[in-house]
Amino acid sequence: LEQPGLDQAAGEAFLQEAFQILLDEGVRKGTDASEKARAGRAGSAREWCRRCGAAAVLPRAPSWGSGGPASSLHPQVCEWKEPQELRELLDLELRGAGEPPQRLLQRCRDVLRYSVRTGHPRFFNQLFSGLDHHALAGRLITETLNTSQYTYEIAPVFVLMEDVVLAKLRELLGWSAGDGIFAPGGSISNMYAMNVARFRRFPESKSQGSWALPRLALFASRESHYSIQKGAAFLGIGTDNVRLVATDERGKMLPEELEKEIERAKAEGSEPFLVCATSGTTVLGAFDPLRRVADVCRRHGLWLHVDAAWGGSALLSRKHRHLLDGIERRVPGCGSGADSVAWNPHKMLTVGLQCSAFLLRDSSVGPAPGLLQRCHGAGASYLFQPDKFYDVSYDTGDKSVQCGRRVDCLKLWLLWKAEGSAGLERRVDRAFACTRYLAQELRRREGFQLVLEPEFVNLCFWFVPPSLRGQEGARDYWARLGKVAPAIKERMVRSGSVMVSYQPHGAAVNFFRQVVTNPAVTKADLDFFLDEIERLGRDL
């Protein structure tokens, strides 16, 4: 015990080499769609490292594997392996004896090599993509400090920082006051809304549980995120008590149908307590009409939560914030349009997973505990001692359902400091511009067919191969067309050239859903995307 149990010098040497691998393989190669950029960037990388006092990271020979003509010219989005082959390549078994540094460094390279490069400008598979260097620096600092966001004494910088960032997000909602917390994903943010709304309506539920409650009912559109169902199950509300409201052809909730569902629930003896509207549905990118939904909630005295996990970042754009009109609305005697909002900056703003804010319009926040703390607080005496030497109102951890909570504010704060609100607005506007360009290209190319005109940055379309063109009247046309997207997806993933999602939706057979959130994407990447779909699907 007289000596440390860690070899600090060896650990730092390992970290230095691991960071070189991370910068070279993970950041530079993982975000670069051009082979030509490699040689030209080596000098600039050396200069950056010289100025920062770091060791230069030199380009290595590409190790992209085979994938046909398209992928042989470009760094791949992924290097696909079947599970058993990948398991053997990675040697995942944990053994009794440790391994030498060089073997561990090779394992780091293997992890980077065989993982999907979500920062690549031809990764369009999820609602998150891209890599922001400032946000990444924030993530690395967060991991290095390894603290928990529950008390001021161990996270003083981040307690203050989280408060400022959440206040800025509420300001964009049009709220002058309120509360909030960073949660581990939009699904949990939606569950926070359900729990807080239930507690506000039935405060005795915290101590007495379901015994103190009538049969509850909550309402969301048929296009709502599946976390609404999961949250109802997790919180003991029950999935049978989630009333799914009809939508129009674009996937927007119909307020008149919401009213009918509320009246139906009351007639059946249920107690309505919450409506979850969606701003930016997962597949179609639909925005529910918040003003009209808020009117319904006002008439029935219901909590209005807005799941803006996907679409919330449109609030940063003067051109596009109208999509969320009504979220800030003030009605005399009943507060704002929304009582709570979920917003995921890790999506369109490229902050990095995860960064999800639960925002609450709560006028009770002040010297006394606010609604979040009253709902979730347990007052653990080993963390939240009331006789600390500083102002214990800065110990915010009792607002959370978690004890240990990672720091998610730094990466967003550092990105915002680097880009400013104006830079983030340009990032949002650029995503819309990419979608407009791609939709324009789709209309002029033979074989591409839009599912619907895009309102947001979700672009949904079919590719019709030459063998199916002109056969729209055939009895099996749609069944055959539904097999095209899965077949192309398999080919593109195996080649590693592009990655994009597909799904059926209602009566519509499988179609592609392309989403651009990566600010590094250019017209060349979008043209390549369409060319690659044509190349991979022309013989189907």
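Residues numbered from 1 in each chain as written. Predicted model: local features only at pLDDT ≥ 70, side-chain atom pairs only at ≥ 80, totals over all residues. Heavy atoms only, no water.

As recorded in an unreviewed UniProt entry, the chain goes by the name CSAD decarboxylase, listed as coming from Eudromia elegans. Quoted verbatim from the Cofactor (unreviewed entry) field of the UniProt record, the comment on the chain reads "pyridoxal 5'-phosphate". Of the comments in the UniProt record for the chain, the one headed Subunit (unreviewed entry) reads "Homodimer." (UniProt positions renumbered as here; feature names shortened; annotations may be inferred.)

Asks: Account for the pairing of strand S9 (residues 340-343), naming residues and giving values.
Replies: Residues Ser-340 and Ala-342 point to one face of S9 and Val-341 and Trp-343 to the other, with burial holding for every one of them. As judged from the 4 bridges shared by S9 and strand S10 (residues 356-360), these two strands associate in the antiparallel manner. Looking at S10, one finds that Ser-340 is bridged to Leu-360. (Buried < 20%, exposed > 50% of the residue type's maximum accessible area, 1.4 Å probe, protein only. Helix = DSSP H or I, 4+ residues; strand = E, 2+ residues; numbered from the N terminus. Pairing = 2+ DSSP bridges.)

Asks: Could you give an account of the packing of aromatic side chains, naming the residues involved and the relevant values?
Replies: Given two aromatic rings, their pairing is described by the distance between the two centres and the angle made by the two planes. Throughout the structure, instances matching the rule amount to 16 aromatic pairs. Summarising the aromatic geometry, the rings of Phe-432 and Phe-456 are spaced 5.5 Å apart at their centres and angled 65° between planes, so their arrangement reads as edge-to-face. On the criterion of sequence distance, the pair formed by Phe-432 in helix H14 (residues 409-444) and Phe-456 in the loop between strand S11 (448-450) and strand S12 (458-463) is long-range, its members being 24 residues apart. In terms of burial, Phe-432 and Phe-456 fall into one category: buried. A connected cluster of aromatic rings, assembled from ring pairs, spans Phe-124, Phe-448, Phe-461, Phe-463, Phe-512 and Phe-529. Over the aromatic face of Phe-528 sits the side chain of Arg-122, whose NZ or CZ is 4.0 Å from the ring centroid. (Phe/Tyr/Trp six-rings, centres within 6.5 Å; stacked < 30°, edge-to-face > 60°. Lys NZ or Arg CZ within 6 Å of the ring centre and 35° of its normal.)

Asks: Could you give an account of the sheet that holds S9, naming the residues involved and the relevant values?
Replies: What the 7 strands build is an open sheet, ordered S2-S10-S9-S6-S5-S3-S4; its pairing is mixed. The sheet terminates laterally at strand S2 (179-183) and strand S4 (242-245), the two strands that pair on one side only. Ignoring strand direction, the axes of neighbouring strands in this sheet form an average angle of 20°. Pairing of S2 with S10, which is carried by 5 bridges, proceeds in the antiparallel orientation. Its bridge partner lying in S10, Ala-183 is registered against Ser-356. In the packing of helix H7 (residues 156-173) onto the sheet, the strands contacted are S2, S9 and S10, and the crossing angle to S2 comes to about 115°. (Axes fitted to C-alpha atoms, helices over the stretch in contact; angles between N-to-C directions. Contact = heavy atoms within 4.5 Å.)

Asks: Go over the UniProt feature "modified residue: N6-(pyridoxal phosphate)lysine" (unreviewed entry) in the chain with me, naming the residues and quoting the values.
Replies: Under the UniProt annotation, "modified residue: N6-(pyridoxal phosphate)lysine" (unreviewed entry) lies at Lys-347. Leave out the neighbours within four places in its chain, and Lys-347 touches Leu-127, Phe-128, Ala-309, Trp-310 and Thr-517.

Asks: Summarise the packing of H7 against H14; cite the residues concerned and give the values.
Replies: It is at 9 Å that the axes of H7 and H14 come closest, and there the two elements cross at 55°. Here H7 lies oblique to H14, going by the angle between them. Handedness of the crossing formed by H7 with H14: left-handed. Contact with H7, carried on its side by Phe-158, Met-161, Glu-162, Val-165, Lys-168, Leu-169 and Leu-172, involves Cys-409, Leu-410, Leu-412, Trp-413, Trp-416 and Ser-421 of H14 and no other residues of that element. A class-by-class count of the residues in the contact of H7 with H14 yields 10 nonpolar, 1 polar and 2 charged. (Parallel < 35°, antiparallel > 145°, perpendicular 65-115°, else oblique. Left-handed = near helix turned anticlockwise from the far one by under 90°. Nonpolar A, V, L, I, M, F, W, Y, C, P; charged D, E, K, R; others polar.)

Asks: Could you give me a rundown of the pattern of salt bridges, with the residues and numbers involved?
Replies: Pairing between side chains of opposite charge can happen when the charged atoms of each approach one another. If you walk through the whole model with that rule in mind, you get 39 salt bridges. With its nearest N and O atoms 2.3 Å apart, the salt bridge here joins Arg-28 to Asp-24. On the criterion of helical spacing, the pair formed by Arg-28 and Asp-24 is a turn pair, its members being 4 residues apart in helix H1 (residues 8-28). One salt bridge in this structure joins Arg-469 and Glu-446, with 3.8 Å as the shortest N-O distance. Placement of Arg-469 in the loop between S12 and helix H15 (477-481) and of Glu-446 in the loop between H14 and S11 is noted, with a sequence separation of 23 residues between them. A relative accessible area of 25% places Arg-469 in the partly exposed class. Judged by its relative accessible area of 58%, Glu-446 is exposed. Three or more residues joined by partner-sharing salt bridges are found here, namely Asp-91, Glu-93, Arg-95, Glu-99 and Arg-107. (Salt bridge = Lys/Arg side-chain N within 4 Å of Asp/Glu carboxyl O.)

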